[in-house]
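Results of the structural survey
Here is what each chain is made of, one letter per residue.
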Amino acid sequence: MPNQQYLLPFVPDDLRQREALIARWLELVRDILPRIAEQNRWPILQDHCFMRVCLDTALEAPWHTVVRRPAVRHLSDEQLGAAVAVAEALVLAPETLQVINRRSIQWRTAALTGNG
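Residues numbered from 1 in each chain as written. Predicted model: local features only at pLDDT ≥ 70, side-chain atom pairs only at ≥ 80, totals over all residues. Heavy atoms only, no water.

**Things to note about the packing of helix α2 (residues 47-59) against helix α5 (residues 97-113)**
Between α2 and α5, whose axes approach to 9 Å, the crossing angle comes to 80°. Compared by their axis directions, α2 and α5 come out roughly perpendicular. Contact with α2, carried on its side by Phe50, Arg52, Val53, Asp56 and Thr57, involves Leu97, Ile100, Asn101, Arg103, Ser104, Ile105, Trp107 and Arg108 of α5 and no other residues of that element. Among the residues making up the contact of α2 with α5, the classes are represented as 6 nonpolar, 3 polar and 4 charged. (Axes fitted to C-alpha atoms, helices over the stretch in contact; angles between N-to-C directions. Helix = DSSP H or I, 4+ residues; strand = E, 2+ residues; numbered from the N terminus. Parallel < 35°, antiparallel > 145°, perpendicular 65-115°, else oblique. Contact = heavy atoms within 4.5 Å. Nonpolar A, V, L, I, M, F, W, Y, C, P; charged D, E, K, R; others polar.)

The following block contains the structure:
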């Protein structure tokens, strides 16, 4: 019987790191931040809202003007890491949500009106 370890596919370290980043990203925006939001009565509650705020903040612009949809597939590792860092910062300093949510909305309004 062949050794089972040789039957497993080889996954490069950089791919494993990206998969770990994606897993953490999804955990933060789908589970952790919505739970904190509900407990603290934040103005946003849904995962896509947290994705918007964190991605816009990480990219300093409406994310969809910088990266094709779906974002998680098209973000560079650095951009994804920055978005995860923003989400992690929200967990540690939830009071910053109002500021970064407001900034995200301002960027989007400016982009829609051509003032950005």
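Resuming the write-up.
**A short note on the pattern of salt bridges**
Evaluated as defined, the whole model comprises 4 salt bridges. Residue Asp77 is joined to Arg18 by a salt bridge in which the shortest nitrogen-to-oxygen separation is 2.6 Å. Of this pair, Asp77 sits in helix α4 (residues 77-92) while Arg18 sits in helix α1 (residues 13-40), and the two are 59 residues apart along the sequence. Under the relative-accessibility criterion, Asp77 is labelled partly exposed at 35%. Judged by relative accessible area, Arg18 falls into the buried class, the value being 15%. One salt-bridge network, in which partners are shared between bridges, spans Arg24, Glu27 and Glu88. (Salt bridge = Lys/Arg side-chain N within 4 Å of Asp/Glu carboxyl O. Buried < 20%, exposed > 50% of the residue type's maximum accessible area, 1.4 Å probe, protein only.)

**Observations regarding the packing of α1 against α2**
Packed helices, taken two at a time, are described by the angle their axes make and the gap between the axes. Following both chains from N to C, one finds α1 and α2 inclined at 110°, their axes separated by 9 Å at the closest point. If you check the angle between α1 and α2, you find them roughly perpendicular. Regarding α1 and α2, the two cross each other, and that crossing is right-handed. Taking contact as the criterion, the partners of Trp25, Leu26, Val29, Arg30, Leu33, Pro34 and Ala37 in α1 are, on α2, Asp47, Phe50, Met51, Cys54 and Leu55. For the contact of α1 with α2, the class distribution of residues is 10 nonpolar, no polar and 2 charged. (Left-handed = near helix turned anticlockwise from the far one by under 90°.)

**Some points on the side chain of Asn101**
Here Asn101 shows up in helix α5. When its relative accessible area of 10% is taken as the criterion, Asn101 is described as buried. Looking at Asn101, its side chain comes within polar contact range of the side chain of Arg52, at 2.7 Å. When residues no more than four places from it in sequence are discounted, the contact partners of Asn101 are Ile44, Arg52 and Val53. (Polar contact = N/O pair within 3.5 Å; in protein donor to acceptor, adjacent residues only side chain to side chain.)

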